[in-house]
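# A look at the structure
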Amino acid sequence: MKHLSQENAPIMEALNRYKSMRVVPFDVPGHKRGRGNKELAAFLGEQCLSVDVNSMKPLDNLSHPVSIIREAEELAAEAFGAKHAFFMVNGTTSAVQAMVMTACKAGEKIILPRNVHRSAINALVLSGAIPVYVNPGVNNQLGIPLGMSVIDVEKAIRENPDAKAILINNPTYYGICSDLKRLTDLAHKHGMLVLVDEAHGTHFYFHHDLPASAMSVGADMASVSMHKSGGSLTQSSFLLINNEISEGYTRQIINLTQTTSGSYLLLSSLDISRKNLALHGNEIFTKVAEMAEYTRREINKIGGYYAFSKELINGDTIYDFDITKLSVHTLDIGLAGIEVYDLLRDEYDIQIEFGDLGNILGYISVGDRKLDLERLVAALAEIKRRYSKDKTDLMNHEYINPEVVLTPQSAFYVPKTTIPLDESAGRICSESVMCYPPGIPILAPGERITEEIISYIQYAKAKGCFLTGTEDKEVNNINVVKEEE
Ligand SMILES: Cc1ncc(COP(=O)(O)O)c(C=O)c1O
């Protein structure tokens, strides 16, 4: 590689060189730098469309990078302390799928907590890997699933010594971290790979006061959503690898599903954001953490709400907490998180990241201003004053331990039938059902449906959660495995 530093952004620099060459395009995309689609150019801006270009020699090729994309990947690897970083243009979903498919073939086991994102469950459908779920436990007061306890993972490893990998959330959507270092050492001692979903943990790489990152503890692979806390464009992510993971084989796995027309808008946004974090990350996340801490204190002063933080740490299932996350428990004012989420948007024009049955999550970033934080706090105070209710009719359990009857892949592909959700207790589900966000399946393919799960889904629906995953758009019916006649 040429001698490059974190000050460089090779993809952006190559696009700038390319623009100055005034090349006449007889290639795709057909909008030809926006000239062929005036409305689109006016909407997105000509600058933007002038770099929406196709792969070509001077701009390298995402599926087999040998020049500027490769240089950008090497700079990203250096910034994140990884052996190699892959630029991903189909979100962290594709990175999670590539991790699982690189580590496990059909019929091989993977140990994972059940509160994984749908992308991990879908990776099991694609790969045919067999899940060994570890119950992440739940904080009953908050109704949130936690991290994996070391003892539970030890037990899962003892009972499944043939498992190929373990997958860990770092952190969960709410900001909760497992003991990543101990879990990594434990898995490695038993010859298993460690795959880490860091969709919500990009910033861990750039600030010493935040929880440990996957690469810093020696994990083998990590999926990092640069487009979340890293500041790049939506859908752009990194897949990091370490240790003995083969770069060439991982790239082949990525290329099984990744587009052959990688967007240079997304690629350059990754490159520029990596540069920004490498040069200014510490300062950026100090500011973000301060803003989150300030807002948390102000929300807790209102009373009724509980904006939780490091006081939850218990040395195991809550080994660490990401203080940049503004997770707020709402049930004590008699409103489900999703109700507060809807009120904030509909009555106060404030859009937060998500609301579930018991909590809301505000995403704080360097783009926030003190003024906006004050507005959120004021709106929450007013919501309490105007809308708070008696909390007696609220459901407060979030985690239901699943009975896994079939692997996700076999349940998804066996003959199935559609029946009303309310009549499905006892049957084996053959699709996923989840509230989105956070996108953690309430039911995954292969799991037994119970009355408790049906009531949970009905309740989430009644409270206004956006339910997805089923073939039926209304989520009144569910696909179940066909029983023998
Ligand atoms: C924990 C977790 N993993 C993976 C993903 C997938 O990320 P993306 O939307 O970039 O595909 C998400 C998305 O929210 C997530 O929350």
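Anything mentioned here points back to the structure above.
Each value, and the rule that gives it
Residues numbered from 1 in each chain as written. Predicted model: local features only at pLDDT ≥ 70, side-chain atom pairs only at ≥ 80, totals over all residues. Heavy atoms only, no water. Helix = DSSP H or I, 4+ residues; strand = E, 2+ residues; numbered from the N terminus. Axes fitted to C-alpha atoms, helices over the stretch in contact; angles between N-to-C directions. Parallel < 35°, antiparallel > 145°, perpendicular 65-115°, else oblique. Contact = heavy atoms within 4.5 Å. Nonpolar A, V, L, I, M, F, W, Y, C, P; charged D, E, K, R; others polar. Near = heavy atom within 4 Å. Polar contact = N/O pair within 3.5 Å; in protein donor to acceptor, adjacent residues only side chain to side chain. Areas by Shrake-Rupley, 256 points an atom, 1.4 Å probe, with all protein chains shown as cover. 1 Å grid on protein atoms, 1.4 Å probe; cavity = no way out; pocket = protein on both sides within 12 Å on 5 of 7 lines; lining within 4 Å. Sits in = over half its atoms within 2 Å of the grid points. Buried < 20%, exposed > 50% of the residue type's maximum accessible area, 1.4 Å probe, protein only. Pairing = 2+ DSSP bridges. Points joined across faces, edges and corners; volume = space filled by probe spheres on them.

### Describing unusual backbone geometry
- P437 follows Y436 through a cis peptide bond whose omega is -20°.
- Relative to the assigned elements, P437 resides in the loop between β17 (433-435) and β18 (441-443).
- Even without glycine at this site, K32 takes up a positive phi of about 50°.

### Considering the packing of helix α1 (residues 10-20) against helix α10 (residues 264-302)
- Relative to each other, α1 and α10 sit at 125°, their axes nearing to 7 Å. One way to sum up the angle between α1 and α10 is to call them oblique. Judged by residue contacts, P10, I11, M12 and L15 of α1 engage Y264, L267, S268, D271, I272 and R274 from α10.
- Here the contact of α1 with α10 is built from residues that sort into 7 nonpolar, 1 polar and 2 charged.

### What to know about the site of the ligand
- Within the structure, the ligand sits among G91, T92, T93, H117, S119, Y173, D197, A199, H200, H227, K228 and Y436.
- Within the contact set of the ligand, a nitrogen atom lies 2.6 Å away from a side-chain nitrogen or oxygen of D197.
- Taking 390 Å² as the accessible area of the ligand by itself, protein coverage stands at 87%.
- Its atoms largely coinciding with the cavity grid, the ligand occupies the largest pocket.
- Sort the elements by how many residues they give to the shell around the ligand and helix α5 (residues 91-103) lands first, with 3 residues.
- Classifying every residue of the shell around the ligand gives 3 nonpolar, 7 polar and 2 charged.

### Considerations on the pairing of strand β20 (residues 477-481)
- Most of β20 is tucked away, with 4 of its 5 residues classed as buried.
- Relative to β20, strand β16 (residues 416-420) is paired through 5 bridges, and the arrangement is antiparallel. The residue bridging P420 from the neighbouring strand is N477, located in β20.

### Things to note about the pairing of strand β15 (residues 359-363)
- Extensive coverage of β15 is indicated by the burial of 4 of its 5 residues.
- One ladder, built from 5 bridges, connects strand β13 (residues 325-329) with β15; its direction is antiparallel. Within the sheet, the bridge partner assigned to H329 lies in β15 and is N359.
- Pairing of strand β14 (residues 354-355) with β15, which is carried by 2 bridges, proceeds in the antiparallel orientation. Bridge pairing links G355 to I360 in β15.
- Taken together, β14 and the strand that follows it, β15, pair antiparallel across an intervening segment of 3 residues.

### Considerations on the sheet that holds strand β8 (residues 193-198)
- Pairing in this open sheet of 7 strands is mixed, and the strands run β1-β10-β9-β8-β6-β2-β3 from one edge to the other. What marks the edges here is a single partner per strand, and that holds for β1 (84-88) and β3 (130-134). The mean angle between the axes of side-by-side strands here comes to 20°, regardless of whether they run parallel or antiparallel.
- Pairing of strand β2 (residues 109-113) with β3 involves 5 bridges; the strand directions are parallel. Looking at the pairing, P113 lines up with V134 of β3.
- Those strands touched by helix α6 (residues 118-127) are β2, β3 and β6 (165-169), and its axis lies near 150° from that of β3.

### Section: the side chain of H329
- Tracing the sequence through the fold places H329 in strand β13.
- A distance of 3.2 Å separates the side chain of H329 from the backbone oxygen of Q141, its partner in a polar contact.
- Among the polar contacts made by the side chain of H329, one reaches the side chain of N359 at a distance of 3.1 Å.
- Residue contacts for H329: discarding those within four places in its chain leaves Q141, L142, G304, Y305, Y306, F308, G358 and N359.

### Here we look at empty space enclosed by the protein
- According to the stated counting rule, one finds 3 cavities of 30 Å³ or more in the structure shown.
- Within this model, the second largest cavity holds a volume of roughly 70 Å³.
- For the second largest cavity, the full set of lining residues is H203, S229, F285, V288, T324, K325, Y363, I364 and S365.
- Across the lining of the second largest cavity, the residue classes break down as 4 nonpolar, 4 polar and 1 charged.

### Things to note about the side chain of T330
- For T330, the position within the fold is in the loop between β13 and α11 (337-348).
- At 3.1 Å, the side chain of T330 forms a polar contact with the backbone nitrogen of G337.
- When residues no more than four places from it in sequence are discounted, the contact partners of T330 are Y305, L335, A336, G337, V340, G358, N359 and I360.

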